[in-house]
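Residue-level listing of the chains:
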Amino acid sequence: MIDAFRASAEALMHGALAKLIDNPFPSAFTERVASISVPNLRTTVLTNIAASLLDTGITVRTLLMNHVINEGPALASLMADDQAMSDYVAGAVVSLWHPSCTCRMGRENDPDAVVDRHGRVIGVEGLMVADASIMPNVPTTNTNLPTLMVAERIASELLGTTGTPATQHRADARVG
Ligand SMILES: Cc1cc2nc3c(=O)[nH]c(=O)nc-3n(C[C@H](O)[C@H](O)[C@H](O)COP(=O)(O)OP(=O)(O)OC[C@H]3O[C@@H](n4cnc5c(N)ncnc54)[C@H](O)[C@@H]3O)c2cc1C
């Protein structure tokens, strides 16, 4: 996780991206962020003031980012201090509710694979998995639709209608 965070930060701070991005900073879902996300009169006023100030220009924006919005250390100081980086990652990184790939699909000779291409658990008779856990790689998208696609595909195979989504199969059955 630390390596992934470091690689992302390096990409933001160097080369072509650095020319496009002003002042990248490490964010975290802190208590203050959670409280400002609750819609009420106070947060509406505060976020409108902050939005207006952020639009005034780079100087005010940098000051706000560094001293008000970012509650943690600056990115550069994290990158220069392994212990600070480790503390930050342990305290701030969350899964964002999209866990996947914990039971990944792969070839039978892949030591990391749990299920085969049909969702059957390798080495176990009569046990299948059809959910986000069998995704072979973390998808670069939200997980709900890919999970539905996994379920449709495996349901179709179970129904013997490979290639036809299960919902279509049910619709055909109703028409028939
Ligand atoms: C708060 C939140 C917001 C999200 N927002 C989005 C979004 O905006 N867009 C998006 O694409 N994805 C979103 N996701 C992710 C998406 O919901 C999941 O990726 C998807 O639901 C995964 O499907 P799944 O079938 O793998 O697992 P789940 O949907 O978690 O289904 C697992 C099911 O198994 C049941 N279960 C667990 N243990 C047992 C047991 N022992 N016996 C019987 N049943 C059991 C559970 O009750 C549950 O119904 C969000 C997730 C969360 C938590």
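The residue numbers shown here count from 1 along each chain, following its written sequence. Only residues with pLDDT of at least 70 get local features here, since the model is predicted, and only at 80 or more are side-chain atom pairs given and counted; chain-wide, interface and lining totals rely on the full set of residues.

Identification of the protein chain as Glucose-methanol-choline oxidoreductase C-terminal domain-containing protein from Ancylobacter dichloromethanicus is taken from an unreviewed UniProt entry.

A. Just the overall build of the protein chain, in detail. Every helix listed is a DSSP run of H or I at least four residues long, and every strand listed is a run of E at least two residues long, numbered separately from the N terminus. Looking only at helices and strands, one finds 9 helices and 0 strands in the protein chain. Mapped in sequence order, the helices and strands of the protein chain form the string α-α-α-α-α-α-α-α-α. Once the C-alpha set of the protein chain is aligned to its principal axes, its extents read approximately 65 × 40 × 30 Å. In this scheme the burial state of a residue depends on its C-beta neighbours within 10 Å: 20 or more other such atoms mean buried, 12 or fewer mean exposed, and anything in between means partly exposed; the C-beta positions come from the backbone. Per-residue burial for the protein chain yields a buried fraction of 7% across its 176 residues. We call two residues in contact whenever the C-beta atoms placed from their backbones are within 7 Å. Expressed as a percentage of contacts within the protein chain between residues at least 6 apart in sequence, the contacts between residues at least 24 apart total 45%.

B. View of the UniProt feature "domain: Glucose-methanol-choline oxidoreductase C-terminal" (unreviewed entry) in the protein chain. UniProt's entry tags residues 78–151 with the feature "domain: Glucose-methanol-choline oxidoreductase C-terminal" (unreviewed entry), counted in the numbering of this structure. Taken end to end, residues 78–151 is 28% helix and 0% strand, and its two terminal C-alpha atoms sit 42 Å from one another. UniProt positions are given in the numbering used here, feature names are shortened, and annotations may be inferred rather than shown by experiment.

C. Here's a closer look at unusual backbone geometry. One non-glycine residue, Asn 23, lies in positive phi territory at about 50 degrees. Turning to its location among the elements, Asn 23 is positioned in the loop between helix 2 (15–20) and helix 3 (31–36). Here Asn 23 falls in the exposed class, since 12 other C-beta atoms lie within 10 Å of it. Here the phi dihedral of Cys 101 falls at roughly 70 degrees; this positive angle occurs in a residue that is not glycine. Tracing the backbone through its elements, the reader meets Cys 101 in the loop between helix 7 (82–92) and helix 8 (144–159).

D. Representation of the packing of helix 4 (residues 41–54) against helix 5 (residues 58–69). To get an axis, a line is fitted to the C-alpha atoms, and for a helix only the part in contact is used. The angle between two axes follows their N-to-C directions and goes from 0 to 180 degrees. Running from N to C, helix 4 and helix 5 point in directions that differ by 135 degrees, and their axes come no closer than 8 Å. Taken together, the axes of helix 4 and helix 5 lie oblique to each other. On helix 5, the residues touching Ala 50, Leu 53 and Leu 54 of helix 4 are Val 60, Arg 61 and Leu 64. A breakdown of the residues in the contact of helix 4 with helix 5 according to their chemical character gives 5 nonpolar, no polar and 1 charged. Note on terminology: angles under 35 degrees are roughly parallel, angles over 145 are roughly antiparallel, angles of 65 to 115 are roughly perpendicular, and the others are oblique. Think of it as three bins: nonpolar holds Ala, Val, Leu, Ile, Met, Phe, Trp, Tyr, Cys and Pro, charged holds Asp, Glu, Lys and Arg, and polar takes everything else, Gly as well.

E. Here's a closer look at the nonpolar core. A set of buried residues drawn from Ala, Val, Leu, Ile, Met, Phe, Trp, Tyr and Cys, joined through C-beta atoms within 7 Å, is what defines a nonpolar core. Met 105, Val 114, Val 115, Ile 134, Val 150 and Ile 154 together form the largest nonpolar core, which totals 6 residues. Those residues in contact with Ile 134 that sit more than four places away from it in its chain are Cys 103, Arg 104, Met 105, Val 115, Gly 119, Val 129 and Val 150.

F. Focus on the environment of Leu 12. Tracing the chain through its elements places Leu 12 in helix 1 (residues 2–13). Looking at Leu 12, the number of C-beta atoms within 10 Å reads 15, which means it is partly exposed. Along the chain, Leu 12 and Pro 136 lie 124 residues apart, while their C-alpha atoms are 27 Å from each other. Residue contacts for Leu 12: discarding those within four places in its chain leaves Leu 17, Ile 21 and Pro 24.

G. Inspection of helix 5 at higher detail. Helix span, as expected, comes to 1.5 Å for every residue beyond the first. Between the first and last C-alpha of helix 5 there are merely 15 Å, a value that for 12 residues lags more than 12% behind the 16 Å anticipated at 1.5 Å per step. For helix 5, a buried count of 0 out of 12 residues is recorded, marking the element as mostly open to its surroundings.

H. How the structure looks around the environment of Met 1. You can see Met 1 is positioned in the segment before helix 1. For Met 1, a count of 9 C-beta atoms within 10 Å corresponds to the exposed category. In the structure, Met 1 is positioned 93 residues away from Val 94 in sequence and 11 Å away in space, judged by C-alpha atoms. Residues within four places of Met 1 in sequence aside, it is in contact with Val 89 and Val 93.

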